Amino acid sequence: MTVPVEHLFILSAILFAIGTAGFFLRRNVIIVLMSIELMLNAANLAFLAASRMHTLEAGATEASSKVLCSRSS
Amino acid sequence: MANALFYLMAAGAVAAALGVVLAKSPIQCVLSLLASFFCLATIYLLAGFQFLAAAQILVYAGAIMVLFLFVIMLLNLGNPSSKDGAEDGLFRRKGAFLSVIVAAATMAAGAMAVTADGLAPATQPMPEHGIDTINGLAGEMFGRYLLPFEAISILLLATAVAVVVLAKRDRKDAGKGS
């Protein structure tokens, strides 16, 4: 895949914005929780994009540990 | 080919995320979220993060989604609740205002990321076994990042204890109330 890193960041921003809209606009607690999950995923995607940009393991470790620890939520 | 698949999956992820926010019934929301997670897992795979994609499927699609479905079905929340669409003008307007602000800020940050010239194009050839090999990940996680890792485990333990405490208190209160 040779997509520029910017597009990954843009996708992450769009997903985060949608999650925020859901968080503020929906009243149902379950759906609010799902919107938070959406925002967490957007953050993961941003970590991934940063890791890809720097081609370091750091971002991958961070994103992976976030995926693993959000098991509790 | 991979680029086209990426844009397809990105469009799918955004559409599914919109479905989470706009769908009427919680079941539809859960299924949209599931679709979004699968699209994101494909994107992770395309970007070379194989372990992350596997963890996304196993943890999110496997565990968290089943948890949401269980909660919705056991508590019988499947019908679109009348409260969710309640006419609460002030809250709605405030929420819409806030979300527009946050969305604008996020998009501005994205635009700044695009226009910044510090971003290197990611055109390096992909390693065959992905960027996040299990070996490298474990070495980093239990070496350089051991302290944050342990901090996360303490946080998780505290959360589990808090859940037990809150759940027990809730039951006692309910028993007292009846």
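Residues numbered from 1 in each chain as written. Chains lettered and ligands numbered in written order. Predicted model: local features only at pLDDT ≥ 70, side-chain atom pairs only at ≥ 80, totals over all residues.

A.B. asks: Just checking my understanding: could you explain the overall build of chain A for this structure?
C.D. replies: Helix and strand counts for chain A come out as 3 helices and 0 strands. Secondary structure elements of chain A, listed N to C terminal, follow the sequence α-α-α. Put simply, chain A has 73 residues, and 62% of those count as buried. (Helix = DSSP H or I, 4+ residues; strand = E, 2+ residues; numbered from the N terminus. Buried ≥ 20, exposed ≤ 12 C-beta atoms within 10 Å, placed from the backbone.)

A.B. asks: Could you clarify how one ought to interpret the overall build of chain B in this entry?
C.D. replies: For chain B, the count of helices and strands is 6 helices and 0 strands. Split into buried and exposed, the 178 residues of chain B put 24% on the buried side.

A.B. asks: Would you mind going over the nonpolar core with me for this structure?
C.D. replies: One broad rule of soluble globular proteins: the nonpolar side chains tend to lie buried together. Ranked by size, the top nonpolar core spans 54 residues in total, and within it Leu15(A), Leu38(A), Leu45(A), Leu48(A), Ala49(A), Ala13(B) and Tyr44(B) carry the most contacts. Of all the secondary structure elements, the ones that give two or more residues to this core are helix 1 (5-25) and helix 2 (29-54) of chain A together with helix 1 (2-22), helix 2 (26-46) and helix 3 (50-74) of chain B. Looking at which element gives the most residues to this core, the answer is helix 1 of chain A, with 13 residues. Sequence-distant contacts of Tyr44(B), defined by excluding residues within four places in its chain, comprise Leu48(A), Phe49(B), Leu52(B), Ala53(B) and Gln56(B). (Core = buried A, V, L, I, M, F, W, Y, C linked by C-beta atoms within 7 Å. Contact = placed C-beta atoms within 7 Å.)

A.B. asks: Sorry if this is basic, but what is going on with the domain arrangement of chain B here?
C.D. replies: By a widely used convention, the size of an interface equals the accessible area lost when the partners come together. Domain annotation of chain B identifies domain 1 (1-79) and domain 2 (133-178). One C-alpha centre belongs to domain 1 of chain B, the other to domain 2 of chain B, and the line joining them spans 24 Å. (Domains from an automatic or database assignment.)

A.B. asks: Quick question: what am I supposed to make of the environment of Tyr60(B) here?
C.D. replies: All names here are of chain B. Relative to the assigned elements, Tyr60 resides in helix 3. Each C-alpha atom, one on Tyr60 and one on Ala41, is 9.9 Å from the other, the two residues being 19 residues apart in sequence. Not counting chain neighbours up to four residues away, the residues in contact with Tyr60 comprise Phe37 and Met65.

A.B. asks: Is there a simple way to explain helix 3 of chain B in this structure?
C.D. replies: Because an α-helix packs 3.6 residues into every turn, residues spaced three or four apart end up facing the same way. All names here are of chain B. Over its 25 residues, helix 3 extends 34 Å from the first C-alpha to the last, a length consistent with the 36 Å expected when each residue adds 1.5 Å. For helix 3, every residue scored as buried is listed here: Phe51, Leu52, Ala53, Ala55, Gln56, Tyr60, Ile64 and Phe68. At the C-terminal side of helix 3, Asn76 shows a positive phi close to 60 degrees. (Expected span 1.5 Å × (residues − 1).)

A.B. asks: Where do I start with the environment of Phe9(A) in this structure?
C.D. replies: Residues and elements named next belong to chain A. Structurally, Phe9 is set in helix 1. Residue Phe9 is classed as buried on the basis of its C-beta count, with 23 C-beta atoms lying within 10 Å. Each C-alpha atom of the pair Phe9 and Leu45 lies 7.6 Å from the other, and the pair is 36 residues apart in sequence.

A.B. asks: What's the story with the packing of helix 2 of chain A against helix 1 of chain B in this structure? I'm lost.
C.D. replies: A pair of packed helices is captured by two measures, namely the crossing angle of their axes and the spacing between those axes. Contact geometry for helix 2 of chain A and helix 1 of chain B: axes closest at 10 Å, N-to-C directions at 155 degrees. On the basis of their axis angle, the class for helix 2 of chain A and helix 1 of chain B is roughly antiparallel. Considering the relative orientation of helix 2 of chain A and helix 1 of chain B, their crossing is left-handed. Two secondary-structure elements touch here, helix 2 of chain A through Met34(A), Ser35(A) and Leu38(A) and helix 1 of chain B through Ala17(B), Val20(B) and Val21(B). In terms of residue class, the contact of helix 2 of chain A with helix 1 of chain B is made up of 5 nonpolar, 1 polar and no charged. (Axes fitted to C-alpha atoms, helices over the stretch in contact; angles between N-to-C directions. Parallel < 35°, antiparallel > 145°, perpendicular 65-115°, else oblique. Left-handed = near helix turned anticlockwise from the far one by under 90°. Nonpolar A, V, L, I, M, F, W, Y, C, P; charged D, E, K, R; others polar.)

A.B. asks: Would you mind showing me how to read the packing of helix 1 of chain A against helix 2 of chain A here?
C.D. replies: Residues and elements named next belong to chain A. The interhelical angle for the contact between helix 1 and helix 2, taken along N-to-C directions, is 165 degrees, at an axis separation of 8 Å. Classified by the angle between their axes, helix 1 and helix 2 sit roughly antiparallel to one another. Judged by the sense of rotation from one axis to the other, the crossing of helix 1 with helix 2 is left-handed. A per-class count over the contact of helix 1 with helix 2 returns 19 nonpolar, 6 polar and 1 charged.

A.B. asks: Hey, could you run me through the confidence of the model for chain B in this one?
C.D. replies: Should the pLDDT be low somewhere, the predicted coordinates at that spot are not to be read in detail. Residues and elements named next belong to chain B. On average, residues of chain B carry a pLDDT of 81, and 78% of them reach 70 or more. By mean pLDDT, the top-scoring element of chain B is helix 2 (92), and the lowest-scoring one is helix 4 (residues 89-115) (74). Interface scoring of the predicted complex returns ipTM 0.77; its pTM is 0.77. (pLDDT = per-residue confidence, 0-100.)

A.B. asks: Would you explain helix 2 of chain B in this entry?
C.D. replies: The first and last C-alpha atoms of helix 2 of chain B sit 30 Å apart over 21 residues, in line with the 30 Å expected at 1.5 Å per residue. Of the residues trailing helix 2 of chain B, Gly48(B) is marked for its positive phi of about 95 degrees.

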